[in-house]
Amino acid sequence: MKENVFKKIDWLVLPLIGVAAVLILWQISCATWAKDLPTPHKTWETSKPYIVEPFAKRGEMDQGILRFTWYSLILVAKGYALALIIGTPVGFFLGLSKTFTKIFDPLIQVLRPVSPLAWLPLGLVLFMGAGKNASELGALFTIAVCSMWPTVLNTAVGVRAIPQDYLNVAKVLKLSRTKTLFKVLIPASLPYMFTGFRLSLGIAWLVIVAAEMLTGRPGVGGFLWQEYNSLIYEHIILCIVTIGVVGFILDRLMSVVERRFKTI
Amino acid sequence: MPFLELKNVSKSFGGNPVLKDISLNIEKGEFVAIVGFSGTGKTTLISLIAGLLKPSHGSLMLNDLEITGPGPDRGIVFQNYSLLPWLTVFENILLAVEAVNPNWTPDKRKEHVEKYIAMVNLTPARNKLPSELSGGMRQRVSVARALAMDPQILLLDEPLSALDALTRATLQDEISRIWSQDRKTVVMITNDPDEGILLADRIIPLTAGPGATLGPEITIDLPRPRDRKEINHSARFKEIRRELITFMLNSKSERHTSITKKLILPDIEPEDLDRPPRFFTGRARPKRASEIKEETVEA
């Protein structure tokens, strides 16, 4: 009986043990070798106004943490949408045409590992003429370019993995190209595509922080960098935790959607 | 003039002949079964007729027209059903009906689909996905899809080989019933001689590969409708069966050629389980015979 109760709540208890262990380690670090690191308690005290009033707006760079998160999310949504709109068709072409793959695959493999920190200056240069909007457009460009690759590659794999049987059905029925695309190719590769979409979203969220740091836009990343420069180290930790939690929630949401689209 | 005519058809994949010199004439309304061992190119033969493959040599004519590619005039029931898993029973059949009759009204298409779902007794399952159906039900959907296209000829590629014996028997009766309704031309590939004899007008053995070809055909003059229980006692049935099986077994034994291969023995010594496992690394890994360089012999 007793054991059963423990089994039922261990999903809550066990992760808490992990959190407690990290807090203890953190506290010890503060006391011993990292004198500049704020203690957990101090971090909480300093961050409190940003958490209890998450939507407050006291100035351009002094806003509630959820308000900052909201700015970041909007920028991510735009860049991510751009990545999907470009990445999915490119992935389809890669999957369908061997020639297309031979032309573009080496290029993709070379561009894929490039860090967002390297793309951002290029983005800023590209949109220099846009004046006030240059930083936003540059950030969008960076998010789109960095987060596109998983979508491209997974879609291509998905299209290549379509069983010959389904293609035979399309051939025997003499389906038109559009019909084959919408009735056979897209549904058959959907599970792979959604795996790509999920990975892309993770990367888009990773890139936003770097983009905001460098452009100084209001958002979680921008706030983090500003507070580092203002020597308020507690807020750095607040931002890190926020970024982690939001990233986790986004991933969970996407995996729910992904499961919904498991056609096979 | 035969309805379907195969003239000296050969097919090889990368220099390996699979089918050799196949000639076959099928009349309109005939039910022909082709029996062969697995791996002898039966599916290749049906894919050639379906137009999914092109012959290396020879020609295939349907209704005096050369077969150049796949088309809905040849309804095909695949061995593995090949239903689209994201479409329901109804939608799977509708997709075929839409493709074949693009200018029908939606109501007419729907009615047509319903008719064929009813024909294979699947009306209660019309809104289910293939993954929710048993193997036998999936194959019935596949048959209904092929029939709903109203093809000139129906190609059955080992339609029942993935099913258990009882479901198989039920579906055989069902195919027989459906065929007797509209007497379509049918080419059925099977690996079961009994199935072929029960259903077909003519049965043709495919010799053992590689380079398989058709053997002498046997006309099955058993009266229809054939009852599977009674047919087992019919002397003619036994005779056809014996003739067919004898031919097939002979064709296989003729193929017994000898190849000399190098004998490879396992290169591993028995493990000594008596020795206690060492701490941390556990028991020593087994030794290969080729690794043992010396041995101790008591002199």
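Conventions used here
- Residues numbered from 1 in each chain as written.
- Chains lettered and ligands numbered in written order.
- Predicted model: local features only at pLDDT ≥ 70, side-chain atom pairs only at ≥ 80, totals over all residues.
- Helix = DSSP H or I, 4+ residues; strand = E, 2+ residues; numbered from the N terminus.
- Rg over C-alpha atoms; globule rule 2.2 N^0.38 Å.
- Buried ≥ 20, exposed ≤ 12 C-beta atoms within 10 Å, placed from the backbone.
- Contact = placed C-beta atoms within 7 Å.
- Domains from an automatic or database assignment.
- Core = buried A, V, L, I, M, F, W, Y, C linked by C-beta atoms within 7 Å.
- Pairing = 2+ DSSP bridges.
- Axes fitted to C-alpha atoms, helices over the stretch in contact; angles between N-to-C directions.
- Right-handed = clockwise from strand over helix to strand, strands pointing away.
- Nonpolar A, V, L, I, M, F, W, Y, C, P; charged D, E, K, R; others polar.
- Parallel < 35°, antiparallel > 145°, perpendicular 65-115°, else oblique.
- pLDDT = per-residue confidence, 0-100.

### Things to note about the overall build of chain A
When its secondary structure is counted, chain A shows 10 helices and 2 strands. Written out in order from the N terminus, the α and β elements of chain A read α-α-β-β-α-α-α-α-α-α-α-α. Computed over C-alpha atoms, the radius of gyration of chain A comes to 23 Å, more than 25% over the 18 Å expected from 2.2 N^0.38 for 264 residues, which places it beyond the range of a compact globule. Relative to its full complement of 264 residues, chain A shows a buried share of 35%. Residue pairs in contact within chain A that sit at least 24 positions apart in sequence constitute 70% of those at least 6 positions apart.

### Looking at the domain arrangement of chain A
Structurally, chain A comprises domain 1 (2-37) and domain 2 (52-260). With centres defined by C-alpha atoms, the gap from domain 1 of chain A to domain 2 of chain A works out at 33 Å.

### Regarding the nonpolar core
Ranked by internal contacts, the top residues of the largest apolar core, which has 132 residues, are Ile143 of chain A together with Ile93 and Ala144 of chain B. Among the elements that line this core, the one with the most residues is helix H8 (residues 177-215) of chain A, at 17 residues. The contact partners of Ile143 of chain A, leaving out residues within four places of it in the chain, are Val76, Gly79, Tyr80, Ala83, Ala204, Val207, Ile208 and Ala211 of chain A.

### With respect to the sheet that holds strand S1 (residues 4-13) of chain B
Backbone hydrogen bonds are what pair the strands of a sheet, in a parallel or an antiparallel way. Residues and elements named next belong to chain B. What the 4 strands build is an open sheet, ordered S2-S1-S4-S5; its pairing is antiparallel. Each having just a single partner strand, strand S2 (16-26) and strand S5 (65-66) make up the two edges of the open sheet. In this structure, strand S4 (residues 57-62) lies alongside S5, joined through 2 bridges in antiparallel fashion. In the sheet register, Leu62 faces S5, and the bridge partner there is Leu65. Strands S1, S2 and S4 of the sheet are contacted by helix H1 (residues 42-50), whose axis makes an angle of about 60° with S2.

### Considerations on the pairing of strand S8 (residues 185-190) of chain B
All names here are of chain B. Counting buried positions along S8 yields 6 of 6 residues, so the element is predominantly enclosed. Here S8 shows no split at all, with Thr185, Val187 and Ile189 on one side and Val186, Met188 and Thr190 on the other all buried. Direction of pairing for strand S3 (residues 31-35) relative to S8: parallel, over a ladder of 5 bridges. Bridging from a neighbouring strand, Val32 pairs with Val187 of S8. A crossover connection joins strand S7 (residues 153-157) to the parallel S8 through helix H5 (residues 165-182); in handedness this β-α-β unit is right-handed.

### Topic: the interface of chain A and chain B
You'll often see interface size given as the accessible area lost when the parts meet. Listed per partner, the contact involves 14 residues of chain A and 15 residues of chain B. Contributions of two or more residues to the side of chain A that touches chain B are made by helix H7 (164-172) and H8 of chain A. With 6 residues, the single largest contributor to the side of chain A that touches chain B is H7 of chain A. Residue composition of the side of chain A that touches chain B, by class: 8 nonpolar, 2 polar and 4 charged.

### Some words on the pairing of S1 of chain B
Residue and element names in this part refer to chain B. Pairing of S1 with S4 involves 5 bridges; the strand directions are antiparallel. Paired with Lys7 across the bridge in S4 is Ser59. Sheet topology places S1 next to S2; 7 bridges connect them, and they run antiparallel. Paired with Leu6 across the bridge in S2 is Leu24. Following S1, the chain reverses through 2 residues before pairing antiparallel with S2; Gly14 in that reversal takes a positive phi of roughly 55°.

### Side note on the sheet that holds strand S9 (residues 202-205) of chain B
The sheet built from 6 strands is open, its strands ordered S6-S7-S8-S3-S9-S10 (chain B) with mixed pairing. The sheet is open, and its two edges are formed by strand S6 (74-77) and strand S10 (218-219) of chain B, each paired on a single side.

### Brief notes about the packing of helix H3 (residues 65-96) of chain A against helix H9 (residues 220-229) of chain A
All names here are of chain A. For the pair H3 and H9, interaxial distance at closest approach is 7 Å and the crossing angle is 125°. With respect to their mutual orientation, H3 and H9 come out oblique. Of the residues in H9, those in contact with Phe68, Thr69 and Ser72 of H3 are Val220, Gly221 and Phe223. Per-class residue counts for the contact of H3 with H9 are 3 nonpolar, 3 polar and no charged.

### Some details on the confidence of the model for chain B
Mean pLDDT over chain B stands at 85; residues scoring 70 or higher make up 97%. Here the prediction assigns the complex a pTM of 0.75, and the interface score ipTM is 0.74.

### Side note on unusual backbone geometry
Residue and element names in this part refer to chain B. At Asp64, a position not held by glycine, the phi torsion is positive, near 70°. Tracing the backbone shows Asp64 in the loop between S4 and S5. In this structure Asp64 comes out as exposed when scored by C-beta crowding, with 9 C-beta atoms within 10 Å. Unusually for a residue other than glycine, Ser82 sits at a positive phi of about 50°. Note on placement: Ser82 falls in the loop between S6 and helix H2 (89-100).

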